[in-house]
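Spelled out from the first residue to the last, the chains are:
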Amino acid sequence: MTTAVDVKGVESRYVLQTYRRQPVVFERGEGMYLFDDRGRRYLDFLSGIGVAALGHAHPALARALADQAATLAHTSNLYFHPLQGQLAERLTKITGMDRAFFCNSGTEAMEACLKFARRYWFTHGATHRTKFVAFTHSFHGRTMGALSVTAEEHYRAPFQPLVPGVSFASADDPAGLDRLIDESTAAVIIEPIQGEGGVRPAPAAIVDAIMAACKRTGTLLIADEIQSGSGRTGTFLRSGSIGLEPDLVALGKALGAGMPVGAVVLKDKVAKAIEAGDHGTTYGGNLLACRAALTFLDELEGGLLDSINAVSAYLFERLRAIAARSNGAVIDVRGAGLIAGLDLKADATPIMTAALERGLVINRTSSTVIRLLPPYIVQPTHVDEAAAILEASITAAL
Ligand SMILES: *Cc1c(COP(=O)(O)O)cnc(C)c1O
């Protein structure tokens, strides 16, 4: 696909300038690789921020979407269609939760979780239980509700006042968390591994403190698994494998494998408090979105989960070796499964830029962290290729 359009020029003139884009125009993808408008090939270790879990132009996904688009794409939630119930059944079985609600993005899933938690306490006559406790370095999205439980000041400051009654605990201070949660708290919200905040896995002590405080006060637990879930860490949800027992889980990103799909999976306890008309969406759970998610689950359960675990071990081995050889430039390697962060002594932007120039797509988050979120189809040979470029980029950027 070649066009005579001046992509950068027309964007800078007409698109609202809310993004600082990297200087590359991607036109096409194939498996683990992206191709730019000059035909240059890039190894993709970011998958569009954890979304393109099946890689690019995946044949089964492309066939399923083409078939669904040629059959029926959208009808709204005014009517039944055959796929939403199927997807809900698959998701509840794989997560151990009871029901699912569908929306179009991670942020919308978080927003729904916050509303469902409030609705739960309202239904139970506890209208004073409106507060939320979240964590420092958290990221939950940019709508007013999701932003209100997002910690980083630079996202929040221009948009005050936000939803009141939100406090932030440190994941390194279990006693502090315990003091923040009481019988006026509606829910505590945690990312099992913080993504945007710098690839920070929740410490075991905070997991124990959360579970104890929720038990003591009846506070609901919301797990934001938009980035850590949908198989990213080798199990469908990260929560269960670290001892969290959430009442509500927000999903997004990889779930649609490139189609915008968000979902909340929740326990019956909360689901029973929700009535028809309480919440809704026009697009959420439409046929095209459900078909994408069903195809994604087919692939995930058809062997990808095992592959993620095998490749992850090799990936982290290679990353630790790079850190050990970096003369102190890489101070920490964090993550699990196929989410990895290299914490650097200095700003990580030059390394991201150097990698892009060398044909590797990675990203920087939380200023000093290089984040890797490869597609689930990644193989050890891709890890070798990425590790070589990454190490050369670290050396070049220093
Ligand atoms: C990406 C992300 C979100 C927001 O999802 P969108 O699809 O961008 O709306 C929320 N929480 C976490 C943990 C995320 O990684």
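Structural data are supplied above this passage.
What you see is a predicted model; the values in this text were computed from it and never measured.

What counts, and where the lines are drawn
- Residues numbered from 1 in each chain as written.
- Predicted model: local features only at pLDDT ≥ 70, side-chain atom pairs only at ≥ 80, totals over all residues.
- Heavy atoms only, no water.
- Helix = DSSP H or I, 4+ residues; strand = E, 2+ residues; numbered from the N terminus.
- Buried < 20%, exposed > 50% of the residue type's maximum accessible area, 1.4 Å probe, protein only.
- Near = heavy atom within 4 Å.
- Polar contact = N/O pair within 3.5 Å; in protein donor to acceptor, adjacent residues only side chain to side chain.
- Nonpolar A, V, L, I, M, F, W, Y, C, P; charged D, E, K, R; others polar.
- Pairing = 2+ DSSP bridges.
- Axes fitted to C-alpha atoms, helices over the stretch in contact; angles between N-to-C directions.

## A short note on unusual backbone geometry
Backbone phi values are negative for most residues with the exception of glycine, while trans is the configuration of most peptide bonds.
Step number 1: Here the amide bond leading from Gln160 into Pro161 is cis, since omega sits at 0°, within 30 degrees of zero.
Step number 2: Structurally, the position occupied by Pro161 is in the loop between α7 (153-156) and β6 (166-169).
Step number 3: The phi dihedral of Ala257 falls on the positive side, at around 50°, and the residue is not glycine.
Step number 4: Note on placement: Ala257 falls in the loop between β11 (248-251) and β12 (262-266).
Step number 5: According to the relative accessible area criterion, Ala257 is buried, its value standing at 6%.
Step number 6: Here the phi dihedral of Ser366 falls at roughly 55°; this positive angle occurs in a residue that is not glycine.

## Looking at the site of the ligand
Step number 1: Every residue near the ligand is listed here: Ser105, Gly106, Thr107, Phe139, His140, Gly141, Glu191, Asp224, Ile226, Gln227 and Lys253.
Step number 2: Note that a nitrogen atom of the ligand is positioned 2.7 Å from one of the side-chain N or O atoms of Asp224.
Step number 3: Lys253 places a polar side-chain atom, nitrogen or oxygen, 2.6 Å from an oxygen atom of the ligand.
Step number 4: Residue classes in the shell around the ligand are distributed as two nonpolar, six polar and three charged.

## A look at the sheet that holds strand β1 (residues 26-30)
Step number 1: Spatially, β1-β2-β3-β15 is the arrangement adopted by the four strands of the open sheet, whose pairing is mixed. Two strands close off the open sheet at either side, each with one partner strand: β1 and β15 (360-361).

## Details of the sheet that holds β6
Step number 1: Taken in spatial order, the seven strands make up an open sheet running β4-β12-β11-β10-β7-β5-β6, and their pairing is mixed. Every interior strand has two partners, whereas the edge strands, β4 (99-103) and β6, have only one. The sheet shows a mean angle of 20° between the axes of neighbouring strands, direction not considered.

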